[in-house]
Structures are given as C-alpha cells and as structure tokens.
Amino acid sequence: MCGIVAYTGAQEAYPILLRGLKRVEYRGYDSCGVALPHSERVQVYKDLGAVDTLKGTPDGIQGNTGIAHTRWATVGEPSQANAHPHSDCTRRIAIVHNGDIDNFLDLKQELQDQGHSFSSQTDSEVIAHLIEREYDGDLKAAVTKATARLEGSYAIAVVAAGFPGVVVMRKDSPLVLGLGNGENLAASDAPALLERTKRVVYLEDGDLAVLRPESVELWRNGAQVELTVQEVAWNVTELDRAGYPHFMLKEIHEQPRVIRDTLAGRISLTDPRATLPIAAHKAPSRVIFIGCGTSYHAALTGQYFFSQVSPLPVNAYVASEFDPAPGTLRDTWVVALSQSGETADTINAIRKARTAGAWTVAVTNVMSSSITRATDDVFYMQAGPEVSVAATKTFMAQLVAVYLLAMHLAPRSTALAELVGELRAMPSKVQRLINAESQIKALAAKLTRYDHMFLIARGINVPMALEGALKLKEVAYLHAEGFAAGELKHGPFALLGLNTPVIAMAPHDGQYPRMLTAIKEIKARGAPVTAIAFQDDTELERFVDDVLHIPVAHPLFAPWLNTVALQLLSYSIAELRGLPIDKPRHLAKSVTVF
Ligand code: G6P
C-alpha cells in the first residue's frame, strides 16, 4: 500500500508534504520520509514511525519541490533504511513508490552487476537505480525507459537535483494530480490535496505526468493528452475529528446521516422496488457479491438478505478466492464492494468476472477510484471520507447499498413495501442505539479483561458475528472469533470456559428459539454470555449474564443495529486498553497489494 505525496510550487514544500502525508497515513504508517531536490543533490529525511516523527526534523529545511511517503511494509522490514524515499548511487535522484515490483530481484542483480550499490532491502529501490542508469538530463525520458523494465504495480513520484518539478507515473496503483494556483501536487488519494486544491485529475494506468509550478503535462501511451479536470466533492473540514477523540467514534456517530444520504432518492412508498444509481441493465439470472475484509461481510449480508426477498440465486465470495471459469457467468451481475475502490484482490476478481462474461458493478465510496474503471457501472455510497482504518460508516453504507440492490431486483410484494418503511426508520433507530452508548461502555469495562471471545448468531446476523470479531481484533487487539451459532458445538465448544465470554446476537426472529438453546448449552459449559437483544425482550435476561439492548426492528434489519453495537463495544474496549484506535498496528485502510 503506502501513501505518496508530491509538491512543486512557490511555497516551502516540507510542511505541505507533511500535512498531505497525514491525510494518506491511513494507507500505512510504519515509516515515512521526504526528499527535496537541490542543485547538486537530493536531500532525504526519513525515519521509522508515523508521519509525526518527521516533525522533529531539524530546522533549515528548504525547497519548493519535494516528494514524500508513508509506508506499509511489503518487501523489507520496517526500518529507516527501508523507508522511502530511495535514492540512486549518486544521490541526484529520489523516488517514492506505492505498489509491488514483481521482477525486482532480477533487476537488482542486473544493476548490481553493473556496479550499482543498494542501501535497502526494498523492491522500490531498483526504480531509483534504473532511472539513474537512463538519466541524461531528461527526467521524463529516463522515467519512461526505466518503468518499461518494471513488472508489477506502481505509483511513483520522482525528483532529480536541478530539476524544478516532479515526474509521476502510475500502473495498477492509484495516483491523483491536484491543480493549484502557481503550484501543482500529486498524491495517492484526493484528501492529501484538499488543503491546497479541489481541482484534480485522476490518472489512468500507464499515465505519466510532469508537474512544474506553472504547468502539468500528461502523457498517455506516449502521446501528450489534455487534462480531464474534476472537482472533489468532499470538503477539507470533513477530514477533521470535529471534537471527537478518535475518527472511529466520529464515523460511528455519523451513521444515521450516512444511511439517510445513501437512501436519498432511492426509495418511495408508492413503488417498493428501489431505484439504483446505475444504468438500466438486462436483469440478471444470478447475482454474486464479492469483497475483502469488512466489505466481504457486507457481501455476505447481501447474500442473506437477497435470498429472503428474491428468488434469484445469489452468492457471496471473498474476492481473493473468486476464480470463475471463463464464460461461466453470462447473465450474472457481479457486485464488487470496496470502500476504498483500490483493493487489489477485488479489482483482480472483477477482471476474472468480466472474462467469465459477467456484468460488473462497483459499490464504492471513493470517486474515480481504480475499481470504478474496472467495472461496467458504479454505485457510489454517500458515506463521506472515512479516515479511521477500521471501516464503520462505509460498512453501513454498503449494507444500505446491497439492500437497495436486492430490493431493486426483487418482485413487488407487500413484504417489500414493509421493508421500505423500515429502511426509512433505520436512521432514527441507529441514532437511539448510539444515544444509549453508556450501556455499551459498561459492558466494555466488564469484557476488557478477557483475551479471547466468541461471537455467535444465526441467519442474516452471522455476518455481524464475523464483522464484530474482526472489529475486536482490529482495534481492541482482542482475539475474537465469529461463528454461526450451530457450529460452535462442532469444535469450538472445547475452548469454552470461565475465561471465554460469548456474545450471542438473539433478535426476536424465526431463529430465536434455537439461539436460546445455543445460549443454554454455552452457559452449561461455564462461559459468560452477553446477549444482544431487542429492547422489548424480557426472556433472555434469565439465561445470560448481561443483555445489551438494541431498538426493536424488522428482523432483516437487526444486523444494522447489531453491527453498531459491536462497533461501539470494540471502540470502548480499545479505548480502555489505551490503543491507537484509528491506526492499529500492522494494518492499512487501503490494500493495493496481493
Ligand atoms: C483492509 C482494511 C479493511 C477493509 C479491507 C477491504 O484490510 O483494513 O478495513 O475492510 O481492506 O477494503 P475495501 O476498501 O476494499 O473495502
């Protein structure tokens, strides 16, 4: 993954680069660095740790052009030597790179044989040396020749001593240009540019751009092309914590608004079939949802919901495991869920889906992200920028999107009309649950002492057991496992005891009696049980240690409330444990590598 930023203009580059880096820090934060070109050398400052470590760099740094990087290690451990930028042998060139160079070992050997000496274990450093080999004063030509040797994915920014600008290029890793006033920028993602400009150009694969303070030139397939300028819809104020101690809490609290905005204009009481923001396309005979991590859990929820409202066959797949045979998906819609729109596994799965004959649609939160170019159509969620690494409000927006999709394809019925009413009621129900946060904090105080936890549910709530466990692992560093309740007795029972609390989602639905049986079986083995149940449930408290109440809802909407309860629980445990909630160790929000 990694985040890159480049600047060239009239201002001091260093503070601008650092502020930009903070906005892409969600992409990785094990080490970071900046390079500023001077007349004879490129000066590089880099260190282990997140971007704030660079604030301590000594005074006197000067330069109006520079590149910067925040890293999520792929090749080579996190260390100062492996941090970007990387330089050539002469220290006249420096590069930052996001992606993976598959043939770097061969290239490194070739370059070493020619006398180049390497300072890091990274794949990225070969790029600096390849450019060095080709450079005769024309940086654009050198980058073009050097990148022709690369196999893999890259978004790069390159500076050279004496050159008053930056050369950038992308292939299979995101890169966006920002057009300012007497200054121009580039970054992995638009939020890094927002403090300087809202006018952006999203680069295509193979694009190379030369940025100077007063001009931007773009080359595609060797020919110079016009810039297609777009305006970013997000505001820089949305990127602030707005008084919350963490972005995660802010984003959890934004969910009633996110549901409203994603629903806006899509449902009506006169026609229960939702309208979608995608072009009319031949109705499918089968639907497949794909995604990774949290997005896979939204995909799985889509599968459960779909099968309740529509007779169409529907499946959910982890994107990295999706491998249909060519030609086998004609008349199939493949719906790819990805909040970032950059997840390499998901984009790869889309390519396979298209080869298999499917019509593909992306559900994403990020304008012009790579996934939007890989699919036939796009359904933009309206979640606004999500900064915390752990997905919360974008997961909610994905749930809204998959429900709307199912309700678009479902046959008209009175049951469907009932669901429309519930969709409209969900923002206020989620708000009520958020307002009752204190019951969740109290539960967190009880559970924080445990090292292991199980979460169980049945039917459409099973994906919430998986997602709740993922949130507990991601932000609270608590080993949690989610299961279909019926499966617990087929093995995990061996682990139950006084120190393995179980959270059981038991909304009043057709599965309730069986959940009750499972809870009794767990209690009989000594494990503490917390139930998440509807507000009006008076039965469960006789069988469990604690009950966390959620507002009464249509059973198909219980997952929305269960997930908010578990987000808040994970957040509260992480807070009690004093963890870096918005930037958990080893993780990144956008995973652009395989
Ligand atoms: C990373 C993030 C997860 C996210 C997953 C898929 O692992 O840490 O929070 O669910 O990627 O990301 P996507 O952008 O495709 O939804």
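Residues numbered from 1 in each chain as written. Predicted model: local features only at pLDDT ≥ 70, side-chain atom pairs only at ≥ 80, totals over all residues. Heavy atoms only, no water.

Undergrad: Lay out the sheet that holds strand 1 (residues 3-8) with the relevant residues and their values.
TA: The strand order across the open sheet built from eight strands is 3-2-4-1-10-9-11-15, with neighbouring strands paired in antiparallel fashion. Unpaired on one side and paired on the other, strand 3 (42-48) and strand 15 (230-231) mark the two borders of the sheet. Pairing geometry for strand 1 and strand 10 (residues 184-187), over four bridges, is antiparallel. Considered in strand 10, the bridge of Val5 is made with Ala187. (Pairing = 2+ DSSP bridges. Helix = DSSP H or I, 4+ residues; strand = E, 2+ residues; numbered from the N terminus.)

Undergrad: Break down the packing of helix 6 (residues 255-263) against helix 10 (residues 393-409) for me, with residues and values.
TA: Direction vectors running N to C along helix 6 and helix 10 enclose 30°, while the axes themselves pass 9 Å from each other. In the packing of helix 6 onto helix 10, the handedness of the crossing is right-handed. Residues Gln255, Arg257, Val258, Ile259, Thr262 and Leu263 of helix 6 form the contact with helix 10, whose own contacting residues are Lys393, Met396, Ala397, Val400 and Leu404. Here the contact of helix 6 with helix 10 is built from residues that sort into seven nonpolar, two polar and two charged. (Axes fitted to C-alpha atoms, helices over the stretch in contact; angles between N-to-C directions. Left-handed = near helix turned anticlockwise from the far one by under 90°. Contact = heavy atoms within 4.5 Å. Nonpolar A, V, L, I, M, F, W, Y, C, P; charged D, E, K, R; others polar.)

Undergrad: Summarise helix 7 (residues 293-309); cite the residues concerned and give the values.
TA: Quick reminder: α-helices carry 3.6 residues per turn. Residues three or four places apart thus point the same way. End to end, helix 7 covers 25 Å across 17 residues, agreeing with the expected 24 Å (1.5 Å per residue, within 8%). For helix 7, the tally of buried residues reaches 12 of 17 residues, placing the bulk of the element in the interior. For helix 7, the full list of buried residues reads Thr294, Ser295, Tyr296, His297, Ala298, Ala299, Leu300, Thr301, Gly302, Phe305, Phe306 and Val309. (Expected span 1.5 Å × (residues − 1). Buried < 20%, exposed > 50% of the residue type's maximum accessible area, 1.4 Å probe, protein only.)

Undergrad: Describe the site of the ligand, with residues and values.
TA: Lining the immediate environment of the ligand, one finds 14 residues, of which Ser295, Ser338, Gln339, Ser340 and Thr343 sit closest. Residue Gln339 places a main-chain N or O atom 2.8 Å away from an oxygen atom belonging to the ligand. The side chain of Thr343 places a nitrogen or oxygen atom 2.4 Å from an oxygen atom of the ligand. In the complex, the protein chains occlude 90% of the 390 Å² of accessible area that the ligand would expose alone. (Near = heavy atom within 4 Å. Polar contact = N/O pair within 3.5 Å; in protein donor to acceptor, adjacent residues only side chain to side chain. Areas by Shrake-Rupley, 256 points an atom, 1.4 Å probe, with all protein chains shown as cover.)

Undergrad: Before we move on, can you summarise the domain arrangement of the chain with the specific residues and values?
TA: Domain assignment breaks the chain into domain 1 (3-237), domain 2 (248-434) and domain 3 (436-585). Taking the mean C-alpha position of each, domain 1 and domain 2 sit 34 Å from one another. Taken together, the contact between domain 1 and domain 2 spans 13 residues of the former and 12 residues of the latter. Taken together, both faces of the contact between domain 1 and domain 2 bury some 1100 Å²; the carbon and sulfur share is 55%. Applying the counting rule to domain 1 against domain 2 returns two salt bridges. (Domains from an automatic or database assignment. Buried area = accessible area lost by both parts, 1.4 Å probe. Salt bridge = Lys/Arg side-chain N within 4 Å of Asp/Glu carboxyl O.)

Undergrad: Break down the packing of aromatic side chains for me, citing the residues and quoting the values.
TA: If you walk through the whole model with that rule in mind, you get 10 aromatic pairs. Ring plane angle 50° and centroid distance 5.1 Å describe the contact between Tyr317 and Phe322, whose orientation is recorded as tilted. The lysine or arginine in question, Lys140, covers the ring of Trp219, its NZ or CZ lying 4.3 Å from the ring centre. Lying over the aromatic face of Tyr477, Arg585 brings its terminal NZ or CZ to 3.8 Å of the ring centre. (Phe/Tyr/Trp six-rings, centres within 6.5 Å; stacked < 30°, edge-to-face > 60°. Lys NZ or Arg CZ within 6 Å of the ring centre and 35° of its normal.)

Undergrad: Talk me through the sheet that holds strand 24 (residues 529-534); I want residue IDs and the actual numbers.
TA: Strands in a sheet are paired, the pairing made by backbone hydrogen bonds, and the direction either parallel or antiparallel. Here we have five strands laid out as an open sheet, ordered 22-21-23-24-25, and parallel in their pairing. The open sheet has two free edges, formed respectively by strand 22 (479-484) and strand 25 (546-550), since each of these has just one partner strand. Sheet twist, expressed as the average angle between the axes of neighbouring strands with direction ignored, equals 20°. Sheet topology note: the strand 21 (residues 452-457)/strand 23 (residues 502-505) ladder contains three bridges and is parallel. Bridged to Phe454 within strand 23 is Val502. Against the sheet, helix 12 (residues 437-447) contacts strand 21, strand 23, strand 24 and strand 25, and its axis sits at roughly 150° relative to strand 25.

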